[in-house]
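Here's the letter readout for the chains.
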Amino acid sequence: MSTRKSEMNAMIQDQGLRTLSYAEAIREAMAMAMEADPTVILMGEDIGVYGGAFQVTLDLVDRFGTDRVMDTPISELGGAGVAVGAALTGLKPIFEFQFSDFAMLAMEQIVNQAAKLRYMLGGEASVPVVFRMPSGSGTGAAAQHSQSIEAWFGHVPGLKVLQPSTPEDAKGMLLAALADPDPVMIFEHKLLYKMKGHVPEGSYLTPIGKALVRRTGTDITIVAGSIMLHRALEAAEKLTADGISAEVIDLRSIRPIDHETIRASVRKTGRLMVVYEGVKAFGVGAEISAMVAESDAFDFLDAPILRLGAADAPVPYNPDLERASVPQVDTILTAARRLARREV
Amino acid sequence: MPVEVILPKVDMDMTHGTVAVWHVAPGDAVTKGTPLFDIETDKAAMEVEAPASGRLHAVTARPGDKVAVGTVVALIYAEGEVVVELATVIAAAPASPDPRDKPAAVPLAALAPVQFAAPATQETNGLLRATPAARAAARQAGVMLADVDGTGPQGRIQREDVAAYADRQSAPAHMPDSPAVWSAQPGPLHVSHRKGSGVPLVLLHGFTADSQSWAPLEKALGSDRRLIRIDLPGHGRSPRRKLRSFADLARMMVEAFDEATKAYDEVHVLGHSLGGALALAVADIRARNVAGLSLIAPAGLGPEIDATALTGIIRATRAESLAPWLRCLTARPEGISDEYSRAAMKLRRDPALRTFQAEMAEVLFPDGVQAFDLRPALSRLQCQTTLIWGRSDHILPWRQALNVSGDFALHLLRDAGHVPQIECPDRVARIVLRGMVAASTG
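Keep in mind that what you see is a predicted model, and the values were worked out from it rather than measured.

Examining the overall build of chain B
Now for step 1: For chain B, the helix and strand inventory stands at 15 helices and 16 strands.
Now for step 2: In chain B, which comprises 442 residues, the proportion classed as buried is 48%.

This is the structure in structure tokens:
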């Protein structure tokens, strides 16, 4: 990531563009929304005085007060339930889970209530709640605090599931989520919070359900999201030394998923690899590869589709094992080379 | 048990072949499906692929050796398998009728128990390993996947393999037609030309066959005659094109005929079975260009056709199920050897080809009936016309020829079935040549 990041930053500085970290961009979006709309409130454990487990809300309690930046008790089910109820009755709550893993405790509210109420009430009401989901491995936080469970929610009609990979998208997606009348879950990668990048001033919406070609190429297509995008981009850069031109697509939205951008790329390259941090089996890669195989892009496939996902095991605490359990630049590079060189 | 490499029978009338060159040295590793050696027959050169992966041993035929069809010319041992001399293997084969046979001259039949232990590994049950992109490219280019060498893992055919093959095809010379003799002409259907003298003879093959099936007759006709062969759509090297009716097919054929014969004022047309019906249609539509017509068991002269045999040929996915139906084509079933069936099945390995031909059969022969009638066309013909029919034709009854009025000659061949040009090529050649002389003097 380092080479590409420093190049990107150098470019940004050259053009005199403003840079923010991923966490700052999220905070800016929340503050802008709260200033513009009094119904926007923040809820979550330790988001007030403490500033949030990853210091994302930071000083917002000082700016907006405890009525709008509410610390909730250590009960994810209770907190999420209040957020869903508030959303149903006219507010726009942004509920932060300290770790996305803790959403397990609130599944009833997310899956059975938030996702379904619009349908069960015949469209008479909606649940405009936003769940912020700090996720992913790499922090040494072990099995119960390092998971990537975004695909679980991709299976639930009624939810929207987003994964910003840059500070710019982190802000744009949060604003888009607030503008959406239905529940939206944003999976923020813990390792990206400090990543800096250009963030436009003012309000803008990153379109929900639209993937983005971050790098064009002709030999293979790599679909990745969140931190995997950066690993894929770094691998793609290294692949140029082998004469391999990789197209890298930032998935951005898991539900709805952008079929057409992926299919168009597969029609061009004939080779598809999906990289994601969730457990490989039954994951985002399964959905994407099946979607391609079912589509007209099938006729353009010139090699089996490859999925790179996490090991079929809980995320280990041991740092070496933790690193080895999820796709890294090296693993992406090796797999991409084999795919491009027709070895699979 | 090692897999034996045999000299395959690639032409109906082939009895011997000469090993031209080995691509793999004894003891070296071979991969199933990769070129193992080249053979030369009287008419063509052809690459023979390794029937299995492993190591090559017991090579008995050296370059230049002329060997009988079915002879075991080498063995392929699986990695780690104990290598035994060929003689030992043969001695161990219980069915060997003559222990004095030298290894290099052992007919395949002597190794029957060994032979039939292996077929499943030789063709992956008739399935081809190819990527979706390769299949789409082959459909588009009208290339038969079975002809393409896969360079991917496990011999998988990839898009670039099809492209490379198509490039080679569009070059003037290609295998297995002798490159010095045949040249391909681009156009809506695959056309190949052979240089020679006199009025060109245009050859239109029958349903499920291809231009290669004319080989025995070509040999009997002599090498100096100018020949033009056209592959039917979805047959041989012609692309698969959607057909709604016989009229559609005839239009395509006339288009290809015009393109193929534009350099000549007049031609003689020879068609077999469905190709015979098409020859009739061409002569009817382009009467001015057709000096004479020879029709071998032409379709379109009555409703009856042995649809069961037709369906059987189309549906067969392995040599064992194809052979019984191929034997319906000839007067004497023993004319079709197992090796011939295997070679024929190899050309039909692509499921897309079989599907296309099944759809074509449904259009041309719905409910097992010849749905098109060319009797009026035959009655109208002004050119010199000869019908040749085997008296033991099980596919199309020769009596249909009696139901048509018209000034044509009818030759009924004893001991011939539906494919007299293969069963007795010399007799058919004599009749065709006489017809051509009559046409030019008449």
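As for the environment of B:Trp182
Residue and element names in this part refer to chain B.
Now for step 1: Summarising the element assignment, tryptophan 182 is placed in strand 9 (residues 182-185).
Now for step 2: Of the residues examined, tryptophan 182 has 20 C-beta atoms within 10 Å and is grouped as buried.
Now for step 3: Along the sequence, tryptophan 182 and arginine 194 sit 12 residues apart, while their C-alpha atoms lie 4.8 Å from each other.

Let's talk about the environment of A:Ala293
Residues and elements named next belong to chain A.
Now for step 1: Tracing the chain through its elements places alanine 293 in helix 11 (residues 284-294).
Now for step 2: Alanine 293 sits in the partly exposed class, given 14 other C-beta atoms within 10 Å.
Now for step 3: Alanine 293 sits 12 residues away from isoleucine 305 along the chain, and the two C-alpha atoms are 8.9 Å apart.

A closer look at the interface of chain B and chain A
Now for step 1: At the interface, nine residues of chain B touch 10 residues of chain A.
Now for step 2: It is helix 4 (residues 132-141) of chain B that contributes the most residues to the side of chain B that touches chain A, four residues altogether.
Now for step 3: Across the side of chain B that touches chain A, the residue classes tally to five nonpolar, three polar and one charged.

What to know about the packing of helix 9 (residues 226-239) of chain A against helix 13 (residues 329-340) of chain A
All names here are of chain A.
Now for step 1: Viewed as axis vectors pointing N to C, helix 9 and helix 13 meet at an angle of 50°, and their least axial separation amounts to 9 Å. For the element pair helix 9 / helix 13, the angle class is oblique. Seen along the crossing, helix 9 lies across helix 13 with a hand that is right-handed. Counting all contacts with helix 9, which are made through Arg231, Ala232, Glu234, Ala235, Lys238 and Leu239, the residues of helix 13 involved are Val329, Ile332, Leu333, Ala336 and Arg337.
Now for step 2: Within the contact of helix 9 with helix 13, the residues separate by chemical class into seven nonpolar, no polar and four charged.

Section: helix 4 (residues 76-88) of chain A
Residue and element names in this part refer to chain A.
Now for step 1: Between its first and last C-alpha atoms helix 4 spans 18 Å; for 13 residues at 1.5 Å apiece the expected length is 18 Å, and the two agree.
Now for step 2: The complete set of buried residues in helix 4 reads Glu76, Gly79, Ala80, Ala83, Val84, Ala86 and Ala87. Seen end-on, helix 4 carries its buried residues on one side only, within an arc spanning 160°.
Now for step 3: Where helix 4 is buried, its residues contact strand 2 (40-44), strand 4 (92-96) and helix 5 (107-114).
Now for step 4: Positive backbone phi, approximately 115°, marks glycine 90, located one or two places after helix 4.

Section: the confidence of the model for chain B
Residue and element names in this part refer to chain B.
Now for step 1: For chain B, per-residue confidence averages 82 on the pLDDT scale, and 86% of positions sit at 70 or higher.
Now for step 2: Segment residues 85-125: pLDDT under 50, and 56 contacts once partners within four positions in sequence are set aside and those in other chains are kept.
Now for step 3: This complex was scored by the predictor with a pTM of 0.54 and an ipTM of 0.72.

Structural notes on the pairing of strand 15 (residues 384-390) of chain B
Residue and element names in this part refer to chain B.
Now for step 1: Judged by how many residues are buried, strand 15 sits mostly within the fold: seven of seven residues are covered.
Now for step 2: On strand 15, burial covers both faces: Gln384, Thr386, Ile388 and Gly390 on one face and Thr385, Leu387 and Trp389 on the other are all buried.
Now for step 3: For strand 14 (residues 290-296) and strand 15, the ladder comprises five bridges, and the chain directions are parallel. Note that in strand 15 the partner of leucine 293 across the bridge is threonine 385.
Now for step 4: Pairing geometry for strand 15 and strand 16 (residues 408-413), over six bridges, is parallel. Looking at strand 16, one finds that threonine 385 is bridged to phenylalanine 408.

What counts, and at which threshold
Residues numbered from 1 in each chain as written. Chains lettered and ligands numbered in written order. Predicted model: local features only at pLDDT ≥ 70, side-chain atom pairs only at ≥ 80, totals over all residues. Helix = DSSP H or I, 4+ residues; strand = E, 2+ residues; numbered from the N terminus. Buried ≥ 20, exposed ≤ 12 C-beta atoms within 10 Å, placed from the backbone. Contact = placed C-beta atoms within 7 Å. Nonpolar A, V, L, I, M, F, W, Y, C, P; charged D, E, K, R; others polar. Axes fitted to C-alpha atoms, helices over the stretch in contact; angles between N-to-C directions. Parallel < 35°, antiparallel > 145°, perpendicular 65-115°, else oblique. Left-handed = near helix turned anticlockwise from the far one by under 90°. Expected span 1.5 Å × (residues − 1). Arc of directions from axis to C-beta. pLDDT = per-residue confidence, 0-100. Pairing = 2+ DSSP bridges.

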